[in-house]
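Structure assessment
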Amino acid sequence: MPKLLKYTGIAVGLLIALIIIIPFMVDLNDYKPQISQAAKEATGRDLTIEGDIKLSLFPWIGMELGAIQLSNAAGFGDQPFARIEGADVKLKLMPLLRREIEMKTVTLQGLRLNLMVTEDGNDNWSDLSSGDRTAAVDETPTGDATPLTALVIGGLAISDAQVIYDNRATGSRYAIESLDLTTGPVALNAPLDIELNSKLSSSKPNINGTLGIKVRVIADMEKFEQHRLENLHLSFDFNSPDASNNGFNSSGQLVLNSNIDIDLANQRYSLSPTTLTANISNPSLPGGKAALELAADINLHLQEQTAQLNNLKLSSYGLNIQGMISASNIMETPLLNGDLRIAEFSPRTLFKNMAMTAPVTADPNVLNKATLELKLVNTTPSSIHIKPLKLKLDETTLQGSIDAELSDTQPLPAVRYQLSLDAIDADRYMAPASDSGATSTTTPATPTASSGAAAAAQLPMEMLRNLDIDGKANIGKLKISNMQLDDIQTTIKAKDGVVRLAPVSAKLYQGSYEGDTTLDARGDMPKFTLKESLHNIQAGPLLKDFMNDDMVSGKGTLNLNLTAQGHDADAMTKTLNGTINLNFANIAMKGLNIAGKAREARAKLKGEKLSDNATKPTDFSEVNGTFLVNNGIVTGNDLGAKAPFARVNGAGNINLVETTLDYLITAKIVGSSAGEGGEDINALKGLTIPVRINGPFSAPKFDLQYDEMLKEKLSQGKAALKEKLDQEKAALNEKLQQEKAKLKSDADAKLQTEKEAARQKLEAEKQQLKDKVGTETQDKLKQLFNR
């Protein structure tokens, strides 16, 4: 036994001595040609060993290399495929006897790796693993593997590494430069600290940047299935200077912090908590820059294809979004469900944060608070379903649901919605009147045709043709242009270039509104159809609110059936055609004082001084008429109105293109009931008063037409004179006839008397003759018989 120990010690000593002596006896640099030849046979490439090869066996088994490079594949230029400036790997000998691995820090300096793809799609690395050059590796175990009892590596240090990928087939180039990677000590089941810094560049998109990563890796080195990346800190500073060269003209910094748990066996990944901070400068961003903070607990289960974002918080420009999102089927067509909330914010402050000018509003106290809540229901990348939606702006609340379907074949989504708004005063959000001191109720100046043409905006025809909308919206109360509307119901349908807003209804001023508007954008010229009705509207309060002037009061109904075509408002006005019907009852018109005009007319005609003629409205029991619209000119020749003391007719034109009117109102005095029009109005009975209304809409003039009255008076005088002459002629004719009759009667009586006298005389003469004849006859008979 002692001899055995003696000989064993001698053998170990000789072995140690041999290990120490061999590096001094053997110079691997002498074998560089053989190593290069072996590499040539294995890869077909030239391996150039420029630096010295240093070998050590005790106490560390290791090798230290100088510069080495591997040539490129044929046809890829003279630039080497790979090169290192130096490497150092040392493994401690004695721990190996105890099945332990203990290494010094592994170092690699100046790695250069050039990967290239030619225009025809060939690359310079596939040949390294093809054909007979690839040695077969027998992975069949030869026996029971001897497990390591310990693993200790001083660390890994890679410095000044560079990897370039140049794809000339696609024109893209990517580079990792100045890469430095260092780790802490590596040991079984012990945390590993890793730090990486590098420069990155890309041609598509054109971007340059620096990447920094710090992380502690806690790995199950035995099963290699469960790992934890603890205190991960990733920062990326980037710059993309030229938007015209596949860039996006941006610069900024991204910072990611997280703890990541990885379960490879079950394909579970947890990132909790995770924060992402982004500071980006880009001309297209509001204010040219944006700061974003994102925080969430993220859980992924790839086997079940599910993901969850809990405790989601997103902040940017002063907006704070909170909520949660769950997703399923994430590897195929993700399906999202979740709740999102935007905490109360000030829209005015948001405009300021985005370096934008907030709208100037009539009420400076609006746009000061808003909130948004929504629920995503079964939302996919091609479909969005929000139900419910709740938006609050100042004192207004909008609720409802929105659905949108995206299609690869359609540029716009198909939108379906059901919305309800409780109440809003839209005037508070309108721009204030331009005139100083004017209020929102001031009558706006009527635009001229030229200004309308200058402000005309072309309709977006292509967008209109692609609209696919079917929605309903209700408004409880609306104040707009100082008009009050209640219970507004709107329905819009748009499909295949036809947009229809119908039915639309509202309650206003003790009456109602119904509308049906259609826009047909299928052809080159858009066409409009408007069918609108106002029923039993109180005109006075409406005009008082809308124009601050109740120039007309009374209850009425207005029906419009119009068509138009054109790309802008000016063209539509010029092609406006159709009919307008109105029917009002118990109406009064300020500025149209027929009784006063009648008195004025009488005074003018008689040359009298006009007494006090206070302006009073004329009351009408009814007003009705039909107007024809032809290319923007409204013609109405059958306007009729009834006042207690007058009957009124109207005829003329209203030019919507020039925003002027020329209308003649003719009033005929028919008498007055007690007190209506004054006690002296009956003295004007039969008088016809023509009043012409002309001028621009904004300032119409009421002009009494004296010339027309004089013509009518002259005409009336001629008619009266003719009537008097006819009457006198008739009287004379009657007297003549009477005289003729009397003369005839007298002549007939005289003739009769003379006839009677003649008859009597004749009869007397006859009788005398008879008597004479008889006497003579008797005498002759007597003489005869007496013979």
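One numbering rule holds for all chains: residues counted from 1, following each sequence as written. Given that the model is predicted, a residue must reach a pLDDT of at least 70 before its local features are reported, and side-chain atom pairs must reach 80 or more before they are shown or counted; all residues, however, enter totals for whole chains, interfaces and linings. Excluding hydrogens and water, the side-chain values take into account all heavy atoms of the structure.

1. Overview of the overall build of the protein chain
Numbering goes from the N terminus for both helices and strands, where a helix is a DSSP run of H or I of at least four residues and a strand is a run of E of at least two. Counting its secondary structure elements, the protein chain contains nine helices and 39 strands. Only heavy atoms matter for contacts: two residues are in contact if any of them lie within 4.5 Å across the pair. Long-range contacts, defined as pairs at least 24 residues apart, comprise 50% of the intrachain contacts of the protein chain with a sequence gap of at least 6. With the model as given, the accessible surface of the protein chain reaches about 47,100 Å², and the carbon-plus-sulfur share is 56%. Residue exposure ignores everything except the shown protein chains as possible cover, and the areas themselves are Shrake-Rupley values with a 1.4 Å probe.

2. Let's talk about unusual backbone geometry
In this model, K387 is joined to P388 through a cis peptide bond whose omega is 5°. On the secondary structure map, P388 appears in strand β24 (residues 383-393). Positive phi values are uncommon outside glycine, yet T659 reaches one of about 55°. Looking at where T659 falls in the secondary structure, it is placed in the loop between β36 (646-655) and β37 (660-669). Residue T659 is classed as buried on the basis of its relative accessible area, which comes to 14%. Here the term buried applies to any residue with accessible area under 20% of the maximum for its type, exposed to any over 50%, and partly exposed to those in between, with areas from a 1.4 Å probe on protein chains only.

3. Digging into the packing of aromatic side chains
Each Phe, Tyr or Trp ring (for Trp, its six-membered ring) is paired with any other whose centre lies within 6.5 Å, and the angle between the two planes then decides the class: stacked below 30 degrees, edge-to-face above 60, tilted in between. Counted according to the given criterion, the structure contains four aromatic pairs. Seen from their ring centres, Y165 and Y174 are 6.3 Å apart, and the 25° between their planes marks the pair as stacked. A residue is classified by how much of its surface remains accessible, and Y165, at 28% relative accessible area, is partly exposed. Owing to a relative accessible area of 33%, Y174 belongs among the partly exposed residues under this scheme. One aromatic cluster in this structure is built from W125, Y165 and Y174. Think of it as a cone above the ring: NZ of Lys or CZ of Arg counts as a charge over the ring if it is within 6 Å of the ring centre and within 35 degrees of the ring normal. Note that R45 overlies the ring of F81, its terminal NZ or CZ placed 4.9 Å from the centroid.

4. With respect to the pairing of β36
In this structure, strand β35 (residues 633-643) lies alongside β36, joined through nine bridges in antiparallel fashion. Bridging across to β36, G636 finds its partner in G652. When DSSP finds at least two bridges between two strands, those strands are taken to pair. In terms of strand pairing, β36 meets β37 through 10 bridges, oriented antiparallel. Looking at the pairing, A646 lines up with I669 of β37. Here β36 folds back onto β37 in antiparallel fashion, the turn holding four residues, of which T659 has a positive phi close to 55°.

5. Describing the pattern of salt bridges
Here, a salt bridge means any side-chain nitrogen of Lys or Arg that lies within 4 Å of a carboxyl oxygen of Asp or Glu. Counting across every chain of the model gives 23 salt bridges. When the shortest N-O distance is used, the salt bridge between R228 and E230 registers 3.1 Å. We note a salt bridge from K507 to D487, for which the minimum N-O separation is 3.9 Å. Taken together, the residues span a long stretch of sequence, with K507 in strand β29 (residues 498-508) and D487 in strand β28 (residues 483-495) at a distance of 20 residues. D487 gets classed as partly exposed once you look at its relative accessible area, which sits at 33%. A network of salt bridges, in which partner residues are shared, links E50, R83 and E85.

6. Describing the side chain of T183
In this structure, T183 sits in strand β12 (residues 172-183). For T183, a relative accessible area of 19% gives the class buried. Among the polar contacts listed, one links the side chain of T183 to the backbone nitrogen of L156, at a separation of 2.8 Å. Counting of polar contacts relies on pairs of N or O atoms within 3.5 Å, with two restrictions inside protein: one atom must be capable of donating a hydrogen and the other of accepting it, and residues adjacent in sequence are counted only when both atoms are side-chain atoms.

7. What about the environment of S198?
Following the sequence through the fold, S198 ends up in strand β14 (residues 192-203). Residue S198 is classed as buried on the basis of its relative accessible area, which comes to 6%. Taking the C-alpha atoms as reference points, S198 and G209, separated by 11 residues in sequence, lie 8.5 Å from one another. Contacts of S198, omitting those with residues within four sequence positions, involve I176, E177, S178, L179, G209, T210 and L211. Within the structure, S198 has its side chain in polar contact with the backbone oxygen of E177 (distance 3.2 Å).

8. A look at helix α2 (residues 32-43)
Compared with the 16 Å implied by 1.5 Å per residue over 12 residues, the 16 Å span of α2 between its first and last C-alpha is a close match. Residues of α2 that are buried include every one of K32, S36, A39 and T43, and no others. Viewed along the axis of α2, the buried residues span an arc of 60°, placing them on a single side of the element. Those residues of α2 that are exposed and angled more than 90 degrees off the buried face are P33 and E41. The inward-facing, buried residues of α2 abut β1 (47-49), β2 (53-56) and β4 (68-70). By this rule, a helix spans an expected 1.5 Å times one less than how many residues it contains. Directions from the helix axis toward the C-beta atoms define the arc.

9. Observations regarding the pairing of strand β25 (residues 396-407)
Looking at chain direction, β24 and β25 are connected through nine bridges and run antiparallel. Looking at β25, one finds that H385 is bridged to D403. In this antiparallel pair of consecutive strands, β24 and β25, the connection spans two residues, and D394 shows a positive phi of 55°. Bridge analysis of β25 against strand β26 (residues 410-425) gives nine bridges, and the strand direction is antiparallel. Note that in β26 the partner of D403 across the bridge is R416. Counting the residues that bridge the hairpin from β25 to β26 gives two residues.

10. Side note on the side chain of K479
Note that K479 resides in strand β27 (residues 468-480). Judged by relative accessible area, which is 17%, K479 ranks as buried. Engagement of the side chain of K479 in a polar contact is seen with the side chain of N482, the distance being 3.2 Å. Beyond its immediate chain neighbours, meaning those up to four positions away, K479 contacts I424, D425, A426, D427 and Q484.

11. Digging into the confidence of the model for the protein chain
pLDDT measures how confident the predictor is about each residue, on a scale from 0 to 100. With 76% of its residues at a pLDDT of at least 70, the protein chain reaches an overall mean of 81. Counting contacts from residues 133-137, a segment whose pLDDT is below 50, to residues more than four positions away or on other chains yields seven contacts. Taken as a whole, residues 436-456 scores under 50 in pLDDT and shows 15 contacts with residues more than four places along the chain or in a different chain.

12. A short note on the environment of A433
In this structure, A433 sits in the loop between β26 and α4 (449-455). Counting along the chain gives 72 residues from A433 to T361, while the straight-line C-alpha distance between them is 9.6 Å.

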